[in-house]
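# Survey of secondary and tertiary structure
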Amino acid sequence: MGLLAAGIGAGIAAIGAGIGIGMIGKGAVESIARQPEASGDIRGAMILTAALIEGVALIAAIVCILLVFFA
Amino acid sequence: MGLLAAGIGAGIAAIGAGIGIGMIGKGAVESIARQPEASGDIRGAMILTAALIEGVALIAAIVCILLVFFA
Amino acid sequence: MGLLAAGIGAGIAAIGAGIGIGMIGKGAVESIARQPEASGDIRGAMILTAALIEGVALIAAIVCILLVFFA
Amino acid sequence: MGLLAAGIGAGIAAIGAGIGIGMIGKGAVESIARQPEASGDIRGAMILTAALIEGVALIAAIVCILLVFFA
Amino acid sequence: MGLLAAGIGAGIAAIGAGIGIGMIGKGAVESIARQPEASGDIRGAMILTAALIEGVALIAAIVCILLVFFA
């Protein structure tokens, strides 16, 4: 039962990170195209929010790796 | 049963954080592109709301880690 | 059964908080970009509504933590 | 069975409150940006409607807490 | 049970990476078309966010590969 959850949970976490960081990346490249001189501020906000999503997704992945070995 | 919930719950929490912080990050980079001189206020609002989402998602991740070891 | 609910419930609560606070955060950063001189009022409304969502999501998380230890 | 309902019900209540208060908060901050001099009236309507959603969500959460201890 | 999860989880992870990197790539090519002289900054933001998604998706794929051998 834990093994079933490990694979599907890791996949769902990848969907979350994909959609979230995808929205940020899309907004960032369009914003840089619109206002190239603000690219420093835009890149800072982009990295900060993408890192927050990445953090949660990696914790979810670690939970799934724990499930593979402990379940 | 608890192990099943641990993996899937962690994945669902990552979806929540991904979509939520993704919306904030997308809005933030587009707003900085529109009004670069307000980037300080925008960054403050961005970090505050992203941190609130991160808090709930991390608590959900901790519940899932508890489930791995206690279930 | 309670353990199954704990993980999935915590994940669902994170989706709720993510989408809700994400909408508020997106609206807030776009509003600050549109009217930077109203950033104080906007920040006040943003924090108030985000805190209300955070309250419900944290209560749901506490219910899930109770389930881990009492079920 | 009651324990299953407790966790998932609390999560669903958080989705309801999150999306509902999120729509109100998004509308409120955008409205304050559009008409800053009406921010008092906007804040009043925002708090009133958000409090009504919060009330229902908290009652749902209390039902779920009752389920943890009585089921 | 673990073998079932390995296949489905790898597929779901590919959905996540596909949608996420797809949104970034779409935004990037449209942005380069709009502002060709900013293509360096756009390419940098594109590679960075796509790599973050790729990281989570690869970890999910590794979890699924582990499931094939350990389940």
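These numbers come from a predicted model, not from an experiment.

## Some remarks on the packing of aromatic side chains
Under the counting rule described, the total for this entry stands at 4 aromatic pairs over all chains. Their ring planes at 70° and their centres at 5.6 Å tell us that Phe69(A) and Phe70(E) sit as a pair that is edge-to-face. Here Phe69(A), found in helix H2 (residues 39–70), pairs with Phe70(E), found in helix H2 (residues 39–70), and the two come from separate chains. Relative accessible area serves as the criterion here: at 49%, Phe69(A) is assigned to the partly exposed category. A relative accessible area of 55% places Phe70(E) in the exposed class.

## A look at the environment of Ile12(E)
Mapped onto the fold, Ile12(E) is located in helix H1 (residues 2–34). With a relative accessible area of 18%, Ile12(E) lands in the buried category. The sequence separation of Ile12(E) and Arg34(E) amounts to 22 residues, and the corresponding C-alpha distance is 33 Å. When residues no more than four places from it in sequence are discounted, the contact partners of Ile12(E) are Ile8(A), Gly11(A), Ile12(A) and Ile15(A).

## A closer look at the arrangement of the chains
Separated throughout, chain A and chain C approach each other most closely at a C-alpha pair spaced 10 Å apart. Over all C-alpha pairs, chain B and chain D never come within contact, reaching a minimum spacing of 10 Å.

## Section: the nonpolar core
Counting 125 residues, the largest nonpolar core has Ile42(A), Ile42(B) and Ile42(C) as its most contacted members. Excluding its chain neighbours within four sequence positions, the residues that come into contact with Ile42(B) are Ala28(B), Ser31(B), Ile32(B), Gln35(B), Val29(C), Ile32(C) and Ala33(C).

## Digging into the side chain of Ser39(D)
You can see Ser39(D) is positioned in helix H2 (residues 39–70). Assessed through its relative accessible area of 9%, Ser39(D) is described here as buried. If near-sequence neighbours (up to four positions away) are discounted, Ser39(D) is found in contact with Asp41(C) and Ile32(D).

## Description of the UniProt feature "domain: V-ATPase proteolipid subunit C-like" (unreviewed entry) in chain A
In the numbering used here, UniProt assigns the "domain: V-ATPase proteolipid subunit C-like" (unreviewed entry) feature to residues 4–67 of chain A. For residues 4–67 of chain A, the end-to-end C-alpha separation is 9 Å, with 94% helix and 0% strand making up the annotated structure.

## Observations regarding the interface of chain A and chain E
Taken together, the contact pairs 39 residues of chain A with 39 residues of chain E. When chain A packs against chain E, close to 3,100 Å² is buried across both sides, 83% of that on carbon and sulfur atoms. Seen at the junction of chain A and chain E, the total is 1 salt bridge. As a salt-bridge pair, Arg43(A) and Asp41(E) come within 3.1 Å of each other at their nearest N and O atoms. The set of elements that each furnish at least two residues to the side of chain A that touches chain E consists of helix H1 (2–34) and H2 of chain A. No other element matches the 24 residues that H1(A) contributes to the side of chain A that touches chain E.

## A look at the pattern of salt bridges
Residue and element names in this part refer to chain A. What the rule picks out here adds up to 9 salt bridges over all chains. Between Lys 26 and Glu 30 there is a salt bridge, and its shortest N-O distance comes to 3.6 Å. Of this pair, Lys 26 and Glu 30 both sit in helix H1, 4 residues apart, roughly one helical turn.

## Notes on a positive patch on the surface
A surface patch of like charges, here positive, comprises Arg34(A), Arg34(B), Arg34(C), Arg34(D) and Arg34(E). The exposure class of Arg34(B) is partly exposed, given its relative accessible area of 47%.

## Some remarks on the state of the cysteines
As enumerated under the stated definition, the model contains 0 disulfides over all chains in all. As a non-bridged cysteine, Cys64(A) has Cys64(E) as the owner of its nearest cysteine sulfur, 8.9 Å distant. By relative accessible area, which is 0% here, Cys64(A) ends up buried.

## As for the packing of H1(E) against H2(E)
Residue and element names in this part refer to chain E. For the pair H1 and H2, interaxial distance at closest approach is 8 Å and the crossing angle is 175°. As summarised for this structure, H1 and H2 are arranged roughly antiparallel, according to the angle between their axes. In the contact of H1 with H2, the residues fall into 19 nonpolar, 6 polar and 1 charged.

## Quick look at the interface of chain D and chain C
Listed per partner, the contact involves 39 residues of chain D and 38 residues of chain C. Taking both sides of the interface into account, the surface hidden between chain D and chain C amounts to around 3,100 Å²; carbon and sulfur atoms contribute 83%. The tally of links between chain D and chain C comes to 1 salt bridge. For the pair chain D and chain C, the interface holds 5 residue pairs in polar contact (both at pLDDT 80 or more). Of all the secondary-structure elements, those providing two or more residues to the side of chain D that touches chain C are helix H1 (2–34) and H2 of chain D. Ranked by residue count, the leading element in the side of chain D that touches chain C is H1(D), at 24 residues. When grouped by side-chain class, the residues that make up the side of chain D that touches chain C number 28 nonpolar, 6 polar and 5 charged.

The rules behind these values
- Residues numbered from 1 in each chain as written.
- Chains lettered and ligands numbered in written order.
- Predicted model: local features only at pLDDT ≥ 70, side-chain atom pairs only at ≥ 80, totals over all residues.
- Heavy atoms only, no water.
- Phe/Tyr/Trp six-rings, centres within 6.5 Å; stacked < 30°, edge-to-face > 60°.
- Helix = DSSP H or I, 4+ residues; strand = E, 2+ residues; numbered from the N terminus.
- Buried < 20%, exposed > 50% of the residue type's maximum accessible area, 1.4 Å probe, protein only.
- Contact = heavy atoms within 4.5 Å.
- Core = buried A, V, L, I, M, F, W, Y, C linked by side-chain atoms within 4.5 Å.
- UniProt positions renumbered as here; feature names shortened; annotations may be inferred.
- Buried area = accessible area lost by both parts, 1.4 Å probe.
- Salt bridge = Lys/Arg side-chain N within 4 Å of Asp/Glu carboxyl O.
- Patch = residues over 30% accessible without salt bridge, like charges linked within 9 Å, V, L, I, M, F, W, Y side chains within 5 Å.
- Areas by Shrake-Rupley, 256 points an atom, 1.4 Å probe, with all protein chains shown as cover.
- Lys, Arg positive; Asp, Glu negative; His and termini not counted.
- Charge placed at Lys NZ, Arg CZ, Asp CG, Glu CD.
- Disulfide = S-S within 2.5 Å.
- Axes fitted to C-alpha atoms, helices over the stretch in contact; angles between N-to-C directions.
- Parallel < 35°, antiparallel > 145°, perpendicular 65-115°, else oblique.
- Nonpolar A, V, L, I, M, F, W, Y, C, P; charged D, E, K, R; others polar.
- Polar contact = N/O pair within 3.5 Å; in protein donor to acceptor, adjacent residues only side chain to side chain.

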